[in-house]
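Chain residues, written in single-letter form:
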Amino acid sequence: RAGLSSSYAKKGWVADDIHSESASRTLDYAYDDYAAYVLASALGQPSNVTTFLYERSMKAPFTLFNSDTGFMEARNEDGSWAGEDAGWTEGDKWAYSFDVVHDVPTLIAKRGGNESFVKSLDEHFDGGHNDHTNEPSHHIPYLYALAGAAYKTQLRVREIAKANYNNTPNGLSGNEDCGQMSAWYIFSAMGFYPVNPVSGEYVVGSPFFDKIKLTLPPSSSLSTSKTLTISALGAPTKPFIKSLTINGRVIDQPIITHEDIAGGGEIVFEMSEKVERWGNGDLFLVEDDSVLFEDVEDGYVHVHVKTREAEGKTVTRNSGIDHVEL
């Protein structure tokens, strides 16, 4: 773990003029610190250990944030900026500037608040910077929901699924890498994704199918197998969520906890053809019906979206998903 016990320990970042892949290492080490903090806390480790890990995990990522550019950037040993293209592993400043999954609220604040953050996500996707063939980008479409624009997550996830997965020999757009490409699709098809895996929370996206059933095998917490049923009537052609319940309990935020589903039960999505208030802040909505579907062509559902940031103009996105048997 190059730089962990030297520049990262002393300054909070891995020095680019000493170690390769310095910026990616810094952000990865920060998340590792957070994961170690969660584990240490669960094991009852003393506060000097947990506090150290937690504080370093929260400070280290933002040592790379260049407020002049609004992007993460590698730093040299003396603290100078190493250049926007330096220090990245299988990614670039666009992907890694969204890579603080354990402290998204601070990341949003650093990038100017919800509205500015959502615009930066739009620039990332609309500018062609999202590379789903590699893991650093996989969580990014789900960040919209954490900034109050859940409908944009619902659209982007389906766009990505359509563009990067199919049932041919070239059905995965990137290297499977221990199953991550397929894991992204399976989680997304169910309607939620572990943006911050050690948090025990999933961010809600948009389920692809009318119904999915999972058999949860016996474990230390389950004496017998249980079934988790995910129902989303109309999901193949209705990308937007109107309501969500888990075992009859109303969920009004785009977050599902692992505790909610680990024992089985039923997740029920009420799907819609138009953007709904669920998961969306007033900042990103218009008062009238903002979405209506038109035709289905070449496996896509062509949908016209009118939202506040579009200033009354109509934005067209291809957001359908082919029906695929699991």
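Novice: Would you mind going over the overall build of the protein in detail, with residue names and values included?
Specialist: What the protein contains, in helices and strands, is ten helices and 13 strands. Relative to its full complement of 326 residues, the protein shows a buried share of 50%. Restricting the contact set of the protein to residue pairs at least 6 apart, pairs at least 24 apart contribute 59%. On the protein, roughly 15,200 Å² of surface is accessible, and the fraction owed to carbon and sulfur atoms is 49%.

Novice: Quick rundown of the side chain of S188? Include the residues and the values.
Specialist: Locating S188 in the fold gives a position in helix α9 (residues 180–190). Accessibility expressed as a relative area gives 0% for S188, which makes it buried. Setting aside chain neighbours within four positions, we find S188 in contact with Y142, V157, S206, P207 and F208.

Novice: Let's hear about the packing of helix α2 (residues 22–42) against helix α3 (residues 47–59): which residues, and what values?
Specialist: Look at α2 against α3: their axes get within 8 Å of each other, and the N-to-C directions meet at 155°. By the angle between their directions, the pair α2 and α3 is classed as roughly antiparallel. Remark: the crossing between α2 and α3 carries left-handed chirality. For the pair α2 and α3, contact is made by A30, D33, Y34, A36, Y37, A40 and S41 and by V49, T50, L53, Y54, R56, S57 and M58, respectively. Taken together, the residues of the contact of α2 with α3 sort by class into nine nonpolar, three polar and two charged.

Novice: Quick one: what's the story with the side chain of D99, residue by residue and with numbers?
Specialist: Along the chain, the position of D99 falls in the loop between α4 (93–96) and α5 (104–110). R111 is the oppositely charged side chain nearest to the buried, salt-bridge-free D99, at an N-O distance of 11 Å. The residues contacting D99, other than those within four sequence positions of it, are L27, D28 and H139.

Novice: Tell me about the pairing of strand β4 (residues 201–204), and please be specific about residues and values.
Specialist: Regular strands have side chains that alternate between both faces of the sheet. Sheet analysis places strand β3 (residues 192–193) next to β4, joined by two bridges and oriented antiparallel. Within β4, the residue paired with Y193 across the bridge is V203.

Novice: Give me the pairing of strand β7 (residues 240–246): which residues, what numbers.
Specialist: Where β7 meets strand β10 (residues 265–272), six bridges bridge the pair, whose relative direction is antiparallel. Note on β10: the bridge partner recorded for I241 is M271. Judged from the two bridges that link them, β7 and strand β8 (residues 249–250) form a sheet pairing that is antiparallel. In the strand pairing of β8, T245 is matched with V250. In this structure, the hairpin formed by β7 and β8 is closed by a connection of two residues, where N247 is found at a positive phi of approximately 50°.

Novice: Which residues make up α9, and what values do they have?
Specialist: Of the positions making up α9, those classed as buried are M181, W184, Y185, S188, A189 and M190. Packing partners of the buried residues in α9 comprise α8 (150–164), β3, β5 (211–216), β6 (226–231) and β10. A positive backbone phi angle near 110° is found at G191, which sits one or two residues after α9.

Novice: With reference to specific residues and values, describe the packing of aromatic side chains.
Specialist: A full pass over the atoms with the stated rule returns 17 aromatic pairs. Between the aromatic rings of F98 and F117, the centroid separation amounts to 5.7 Å while the plane-to-plane angle is 75°, which identifies the pairing as edge-to-face. With a gap of 19 residues between them, F98 in the loop between α4 and α5 and F117 in helix α6 (residues 114–126) connect regions that are remote in the sequence. As far as burial versus exposure is concerned, F98 and F117 are alike and both buried. With a centroid separation of 5.0 Å and 50° between ring planes, the pair formed by Y165 and Y185 is classed as tilted. With Y165 in the loop between α8 and α9 and Y185 in helix α9, the pair connects residues that are 20 residues apart, well separated along the chain.

Novice: Talk me through the sheet that holds β7; I want residue IDs and the actual numbers.
Specialist: One open sheet accounts for five strands, arranged β5-β6-β10-β7-β8; its pairing is mixed. The open sheet has two free edges, formed respectively by β5 and β8, since each of these has just one partner strand. Bridge count between β6 and β10: four bridges; the pairing is parallel. In the sheet register, L228 faces β10, and the bridge partner there is G265.

Novice: Would you mind going over the sheet that holds β4 in detail, with residue names and values included?
Specialist: Pairing is antiparallel in the open sheet, where three strands are placed in the order β3-β4-β9. Each edge of the sheet is formed by a strand with only one pairing partner; in this case those strands are β3 and β9 (255–257). As judged from the three bridges shared by β4 and β9, these two strands associate in the antiparallel manner. Across the sheet, V203 pairs through a bridge with I255, a residue of β9.

Novice: Lay out unusual backbone geometry in plain terms, naming residues and giving numbers.
Specialist: The phi dihedral of C178 is positive, around 65°, even though this residue is not glycine. One non-glycine residue, N247, adopts positive backbone phi at about 50°. Assignment of secondary structure puts N247 in the loop between β7 and β8. Of the residues examined, N247 reaches a relative accessible area of 47% and is grouped as partly exposed.

What counts and how
Residues numbered from 1 in each chain as written. Predicted model: local features only at pLDDT ≥ 70, side-chain atom pairs only at ≥ 80, totals over all residues. Heavy atoms only, no water. Helix = DSSP H or I, 4+ residues; strand = E, 2+ residues; numbered from the N terminus. Buried < 20%, exposed > 50% of the residue type's maximum accessible area, 1.4 Å probe, protein only. Contact = heavy atoms within 4.5 Å. Areas by Shrake-Rupley, 256 points an atom, 1.4 Å probe, with all protein chains shown as cover. Axes fitted to C-alpha atoms, helices over the stretch in contact; angles between N-to-C directions. Parallel < 35°, antiparallel > 145°, perpendicular 65-115°, else oblique. Left-handed = near helix turned anticlockwise from the far one by under 90°. Nonpolar A, V, L, I, M, F, W, Y, C, P; charged D, E, K, R; others polar. Lys, Arg positive; Asp, Glu negative; His and termini not counted. Salt bridge = Lys/Arg side-chain N within 4 Å of Asp/Glu carboxyl O. Pairing = 2+ DSSP bridges. Phe/Tyr/Trp six-rings, centres within 6.5 Å; stacked < 30°, edge-to-face > 60°.

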